[in-house]
Every structure is written in structure tokens, then in C-alpha cells.
Amino acid sequence: MKKRVYSGIRATGRLHLGNYMGAVKGMLELQDKYDCVFSVVDLHTITVPYEPDTLGVSIRNIVLDYLAAGLDPKKCLLEIQSRVPQHTELAYLLSTIYPVSRLEDLPTYKDKKAQYPKYVNMGLLYYPVLMAADVLLYKGELVPVGIDQKPHLEVMREIARKFNSMFGDTFPEPVRFKTPGEYVPSLSGTGKMSKSIEGSFINLTDDLATIQKRLASAPTDSGEVGGDIPESGGVANLFSLLRLFAGKEVYSKFMQDYKDKKIRYSELKEVLANAIFKELKPFAEKRKEFEANTKLVDEVIESSNNACRQLAEETMREVREKMGL
Ligand code: TYM
């Protein structure tokens, strides 16, 4: 039997370069080799403040982004998490074997608590358990996600181990599938590229002018610093992006310019904008085609979710029986 792969993205806006490099690139690679389920994790989306009126559109947007990026419904299943109710059932069952204290200690939970001090809900604490249920529901072995998801993968593995030891061998211990872009830095100079931080991201549908504009506001230095490239900050982040998109040779040339104190950031940003746009251009074109083909997209969603529910129910039957329910 082929390995099962599972990954998901929240419906919080359009996909950005971080999602693409850290998650979607891995999905694209794996869909050719394994049985894959890729999800729009709408139940995770609602753990932070959101607009119920526009959530449906946001979910659809991620499906369109997935298709435009090259996820092929002939090779993988495209799931909408809330349409497969077994996710919440399994999450509840798994929550009964996992300590609250471990969840309270997770950095992702602490970050969200700090970000939304008035919205610290049970769903937020539950987030990693639901995420474990997502993958284990399909007995997923490989999970293409960015490096920020490492703590969640750890929880997932712990839950799988605990379940197996309590109720008998049932779940594999999923591992993260890493891509070269597992950490795409923010354009703002600090932290990672993120949907929730304006000025930090480039969307997959951005045209060249927009990419240039976004890069223009990325911080740099006087250009006369010289020596080794700094380990963090605006310049470091621009070099990381350069390495990811423009290739080794271009990277080395600008690195030498930096050392020689003759770097021109306007030139670097121009080269970088072109390299990023080269990668994104086919995406915008393909997205328009899918946007126009509503019927096809509806059919993909319908048939994928039907297939997902069947697979999920197989696991649930086994889990309920093993737990004595
Ligand atoms: P989300 O929507 O926050 O992120 C989606 C994916 O994008 C990756 N990512 C990045 N990778 C590299 N550099 C960045 N700057 C960057 N920003 C985001 C994330 O690592 C992620 O892979 N908890 C998940 C959603 C989820 C899930 C799952 C994933 C729910 N259930 C089951 C896998 C399996 C998340 O962070 O989504």
C-alpha cells in the first residue's frame, strides 16, 4: 500500500509565498508518489476572530489556489475539513487521552493567547488535537508543512503513540515532510512571512508591479556594511528569499557585492522581484481558468469530500471498536 499524506491550510486569506514554499511545494512533490489528502482546514480557521459572512468565499479561495498551484484532483483528494464530520469525532476521542498541561505549554497556543487576549477559547487550546485527528483520521504518515508546525507534529506523534499503547497498534507516527522553503522570512525584517502581518507577505496572485512595491518597502542597510551577511533582519531576509528564488549563482554575486561594500539593494530587489514573478506567473493564469469553471470546481469538491468521508469512516469504525464504544 502507498503511504498516505495529509496536509491543510487555514482559510484566512489568499495563499502567500510562505504557504507555497513551506507547504504547497511539498504537496506538489508528494501527489505524484503517494495517496494524498489536502485540506482547507476551516474548523481551525474559526479558532481566531473571523467573519462568518465571508468564510465561505475564503474556503473557496483556498480550493482555487490549490488547483491553480497544480494540485491535481486526479492525483489527490481535496478536502474541506468541516464536510468530513469524523474529524471532530476523532478529535474528541483523542482529547480524552492527552493532558491539558501539554497543550497549555505549546508556543503556538501562547502566541495566539497574546495576539487575541479577549478570544482565548477552548478551540484554540484544542487546535493541536484537532490537527492530530486530521492526519490520523487518514492514517497519514507524511505531513508537508513549514517548520513553524514542528511542535504540532510532536503532539501528533505523542497522541499516536499513546493511543497505540492504550488500545493497540492503530496509527502510524506521522513525520514532517520538509521543503527547502520550510521557513520563508517576512518582508518586514522580523519573523516569518505571515498572513496576519500586513507588509510581511507576497500573495501567489500578485503581479510584477505589486511584488516590486512590496519588496520596495522591505528594510535594508546603507549598503556599506561589508563582511558576512547578517543572521537576522531585513538584509538577511532578502538574501534568504534570493537563495530560494534566484538560485545559487545570483545569490553568490550579491553576497560578494555585500562583502565588497558595493551592494545596490535596488538592483537586488529588482532581480528578486523578477525571479519571484517568474515562479508565480503561471499560477495567476491558471487561477483565472478555474475561477471561470465553477462547475468543475464544484464537482471536484463534491467527489473529493465523498471519498474522504468513506476513508474517514473506515478509521472511525476501528477506533470506536478499539475504545470500546
Ligand atoms: P496555516 O494556514 O497557518 O499555514 C499553512 C501552511 O503554510 C506554512 N507556512 C509557512 N511555511 C514557510 N514559511 C512561512 N513563512 C510560512 N507561513 C506558513 C505552514 O507551516 C503550513 O504548512 N496548523 C496548520 C493547518 C493544519 C494542518 C493540519 C496542517 C490544520 N490541520 C493537518 C497539516 C496537517 C497551519 O499552520 O496552517
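Structure first, text after, so check above.
Described below are features of the structure shown in this document.

How each quantity is defined
For every chain, the first residue of the written sequence is number 1, and numbering continues from 1 onward in sequence order. It should be noted that, the model being predicted, local features are given only for residues of pLDDT at least 70 and side-chain atom pairs only at 80 or more, the latter also being counted only at that level, while totals for whole chains, interfaces and linings use all residues. Water and hydrogen atoms were dropped before computing side-chain values, which therefore reflect all heavy atoms in the structure. Note on definitions: angles span 0 to 180 degrees between N-to-C directions of axes, and those axes are lines fitted to C-alpha atoms, for helices only across the stretch in contact. Helix and strand assignments come from DSSP, with helices taken as H or I runs of at least 4 residues and strands as E runs of at least 2, each series counted from the N terminus. In these notes the angle categories are as follows: under 35 degrees is roughly parallel, over 145 is roughly antiparallel, 65 to 115 is roughly perpendicular, and the rest is oblique. Any two residues having at least one pair of non-hydrogen atoms within 4.5 Å are treated as being in contact. We call Asp, Glu, Lys and Arg charged. Ala, Val, Leu, Ile, Met, Phe, Trp, Tyr, Cys and Pro are nonpolar, and the rest, Gly among them, are polar. Throughout, the term near means that a residue has one or more heavy atoms lying within 4 Å of the molecule or strand in question. Here a polar contact is taken to be a pair of N or O atoms separated by no more than 3.5 Å, where protein atoms must pair a possible hydrogen donor with a possible acceptor and residues adjacent in sequence count only if both atoms sit in side chains. Each accessible area is a Shrake-Rupley result for a 1.4 Å probe, and residues are judged covered by the shown protein chains and nothing else. Here, the term nonpolar core denotes a set of buried Ala, Val, Leu, Ile, Met, Phe, Trp, Tyr and Cys residues that are joined through side-chain atoms within 4.5 Å. Relative accessible area decides the class of each residue, using a 1.4 Å probe on protein chains only: under 20% of the type maximum gives buried, over 50% gives exposed, and in between gives partly exposed. Domain boundaries shown here were taken from an automatic or database domain assignment. In plain terms, two cysteine sulfur atoms within 2.5 Å form what is called a disulfide here.

1. Remarks on the packing of helix α3 (residues 52–69) against helix α13 (residues 294–322)
- Closest axis-to-axis distance for the α3/α13 pair is 11 Å, and the angle between their directions is 100°. In this view, α3 runs roughly perpendicular relative to α13, as classed from their interaxial angle. Across from Arg60, Val63, Leu64 and Leu67 in α3, the residues of α13 making contact are Thr294, Val297, Asp298 and Ile301.
- Residue composition of the contact of α3 with α13, grouped by class: five nonpolar, one polar and two charged.

2. Details of the site of the ligand
- The immediate surroundings of the ligand are formed by 28 residues, with Arg10, Tyr127, Asp134, Asp148 and Gln149 found nearest.
- One nitrogen or oxygen atom from the side chain of Arg10 is found 2.8 Å from an oxygen atom belonging to the ligand.
- Within the side chain of Lys192, one N or O atom sits 3.4 Å away from a nitrogen atom of the ligand.
- Protein contact buries 98% of the 720 Å² of open area that the ligand shows by itself.

3. Some points on the nonpolar core
- Phe38, Tyr66, Phe239, Leu268 and Leu272 are the most contacted members of the largest nonpolar core, which totals 62 residues.
- Residues lining this core come from more than one domain, with at least three contributed by each of domain 1 (4–182 + 294–322) and domain 2 (208–286).
- Residues within four places of Phe38 in sequence aside, it is in contact with Val5, Ser7, Met27, Gln31, Tyr66, Leu71, Cys76, Leu77, Leu78, Glu79 and Pro144.
- Ranked by size, the runner-up nonpolar core spans 41 residues in total, among them Val41, Leu77, Leu124 and Val145.

4. A closer look at the state of the cysteines
- This structure, assessed with the given rule, holds zero disulfides.
- Free cysteine: Cys36, not disulfide-bonded; nearest cysteine sulfur from Cys76 at 6.3 Å.
- Take Cys36: its relative accessible area is 4%, and that puts it in the buried class.
- In this structure Cys308 is not part of a disulfide, and its nearest cysteine sulfur, from Cys76, lies 9.8 Å away.
- For Cys308, a relative accessible area of 0% gives the class buried.

5. A few points about unusual backbone geometry
- Positive phi, normally seen in glycine, also occurs at Lys139, with a value near 50°.
- Within the secondary structure, Lys139 is located in the loop between α7 (122–136) and β4 (142–144).
- The phi dihedral of Lys261 is positive, around 60°, even though this residue is not glycine.
- Lys261 gets classed as partly exposed once you look at its relative accessible area, which sits at 48%.

Nothing here speaks to function; it is all geometry.
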